[in-house]
Amino acid sequence: MVLGVGLGVVLAVMRLSDNPVLRGVAFVYTWFFRAIPRYVLLVLIGVGVGFLYSSLSIGLPFGEQLARAIGIDPATFTFFTLDWNAFSTTIWAGILGLGLSEAAYMAEIARAGILSVDRGQAEAAQALGMPPGKTMRRIVLPQAMRVIVPPTGNETIAMVKDTSLLIAIPIINELFFQAYNFGQRGFKILPGLVAATLWYLIICSILMVGQSYLERYFGRGFGPVPKKAKQELTKIGADH
Amino acid sequence: MDVRAGEVVVLLGPSGSGKTTFLRCINQLETIDGGRIWVDGDLMGYDDRSGTLHRLRDKHIAAQRRDIGMCFQRFNLFPHKTVLENVVEAPMQVKGVKKKEATAKALELLEQVGLADKPSAYPAQLSGGQQQRVAIARALAMDPKLMLFDEPTSALDPELVGEVLKVMRDLAKGGMTMIVVTHEMGFAREVADRVVFMDAGVVVEEGPPSEVIGNPKHARTRAFLARMRQEEQAHAEAVVATVTGAAQALADAPTDPSGDPQA
């Protein structure tokens, strides 16, 4: 989810940028990952990619060929190698799959949030001499968060439940699979399902509490006056 | 058109005549189609390389804007920040001033605009007049060489206009260079060194207020001023009517010695 939100906000900013290349990349990304069902994407990451490439290496372009040509160890210019088949069954593959897919949805939510902030805000910041990046980070995004948080709460909860799709990769230490299996082992299928249900309820409740705190933080200055500020104001009034 | 340091210029003209656009061109919130603007010797927004103009990078434009303060018609205070945070934001983030110094200066400026008692209020808790005064303090916190005012009082209730104009008047007395777009004729007459009348995107007439407002040469200026005067008069009459109406209502009310209508 963190990967999703982070990447999503970056994509939203790219999408609204003046630069056509950034805009295009963000659009294609959103198009691709929104169009693919999560389950299919997870199977693709867990099973599909492994057939094509058994390991991923990051290094100098044509580093291996270059190293062979000058007669040294081919791996000299390879900085980082990932054994995909080992990686694909770990929780990281699941995080990568769900995160990439989530980012596409978050990009649209963040874009809506940014567009909801009055243009005058960015203009006021720019008139004060703030460069565009800082204007976005300090003035526009904090205000956009007010609009972004509620749908992000939705997405987070949906994400918790979508972890049950991780079995597609397959990752077996996932909640639903474990609970279901546990029930089958002891011929107590329904108790297993009930246990899974309860766990999902508990986790989502905790997240909802977190969301309400976030909403209060980003809603400051809007709507009803928070208690603490009110106290300070009356104190100041009393001093005069 | 030239504006000297320390001069107060008021731009007048019917809506749509390009006053606001002109102000926004000065600090590059609007891109310029033709013509050039220099502030303190710097060509704004462009680099002149042997005759051809190249748009400057955003960073350079931001740097040019630092010396120009601007107040908007709709204030545009940052609603998620308190009054004090609004004022210290730019000095700390743009100029890298230490928090302690910025706060001291901000409190001084808030004192100057008559809001020393509200540093921890959020903009939504202030009246329009107070918000505009905070906006002025926020702009002044950057030590601008030039202040631009874009109809600073036209979004305000009539009884709040005075407090904002007073702050601007004090600012003018302190020797600030100001370009003001306004419909406040009284302010223009009293404070402006020069009045510029614009219509349909061009300057029609300019000169000291006594001439442009008192004795306009162009028909368009005259028509505009006559319309403004009519409006002012209609407004004054409306106020008088309400006041006399209220007085009449008071007089007509049954005078019960107990003073309590339900008794």
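Residues numbered from 1 in each chain as written. Chains lettered and ligands numbered in written order. Predicted model: local features only at pLDDT ≥ 70, side-chain atom pairs only at ≥ 80, totals over all residues. Heavy atoms only, no water.

J.: When you look at the sheet that holds strand 8 (residues 177-181) of chain B in this model, what are you seeing that I'm missing?
T.: Strand pairing in a sheet relies on backbone hydrogen bonds. The paired strands run either parallel or antiparallel. All names here are of chain B. Reading across the sheet, the 6 strands line up as 6-7-8-1-9-10 and stay open at both edges, with mixed pairing between neighbours. At either margin of the open sheet sits one strand with a lone partner, and together these are strand 6 (68-71) and strand 10 (202-207). Pairs of neighbouring strands in the sheet enclose a mean axial angle of 20°, with direction left out of account. When strand 1 (residues 8-12) meets strand 8, the two strands line up parallel, connected through 4 bridges. Counted as the bridge partner of Val9 is Ile179 from strand 8. On the sheet, helix 5 (residues 128-140) packs against strand 6 and strand 7 (146-150) and is oriented at approximately 170° with respect to strand 6. (Pairing = 2+ DSSP bridges. Helix = DSSP H or I, 4+ residues; strand = E, 2+ residues; numbered from the N terminus. Axes fitted to C-alpha atoms, helices over the stretch in contact; angles between N-to-C directions. Contact = heavy atoms within 4.5 Å.)

J.: I keep staring at the nonpolar core and nothing clicks. Help me out?
T.: Soluble globular proteins: nonpolar side chains tend toward being buried together. Residue and element names in this part refer to chain B. Core analysis: the largest hydrophobic core is formed by 51 residues, its most contacted members being Leu12, Ile136, Met147, Phe149, Met168, Leu171 and Met178. It is helix 6 (residues 158-173) that contributes the most residues to this core, 8 residues altogether. If sequence neighbours within four positions are ignored, Met168 has contacts with Ile136, Phe149, Pro152, Met178, Val180 and Phe187. Residues Leu23, Ile26, Phe78 and Met198 belong to the second largest nonpolar core, which totals 31 residues. (Core = buried A, V, L, I, M, F, W, Y, C linked by side-chain atoms within 4.5 Å. Buried < 20%, exposed > 50% of the residue type's maximum accessible area, 1.4 Å probe, protein only.)

J.: Just to check I follow, could you spell out the environment of A:Asn181 for this structure?
T.: Tracing the sequence through the fold places A:Asn181 in helix 9 (residues 175-185). Between the C-alpha atom of A:Asn181 and that of A:Gly192, which follows or precedes it by 11 residues, the distance is 7.7 Å.

J.: Explanation requested: helix 2 (residues 20-35) of chain A in the structure shown.
T.: Since the α-helix turns once every 3.6 residues, residues separated by three or four places project in the same direction. Residue and element names in this part refer to chain A. Given a rise of 1.5 Å per residue, 16 residues ought to cover 22 Å, and the 22 Å separating the end C-alpha atoms of helix 2 matches this to within 8%. Every buried residue of helix 2 is listed here: Ala26, Tyr29, Thr30 and Phe33. Along the long axis of helix 2, the arc covered by the buried residues comes to 95°, so they all point the same way. Residues of helix 2 that are exposed and point more than 90 degrees away from the buried face comprise Pro20, Val21, Trp31 and Ala35. Its side-chain oxygen placed 2.9 Å from the backbone nitrogen of Val21, Asn19 serves as the N-cap of helix 2. (Expected span 1.5 Å × (residues − 1). Arc of directions from axis to C-beta. Polar contact = N/O pair within 3.5 Å; in protein donor to acceptor, adjacent residues only side chain to side chain.)

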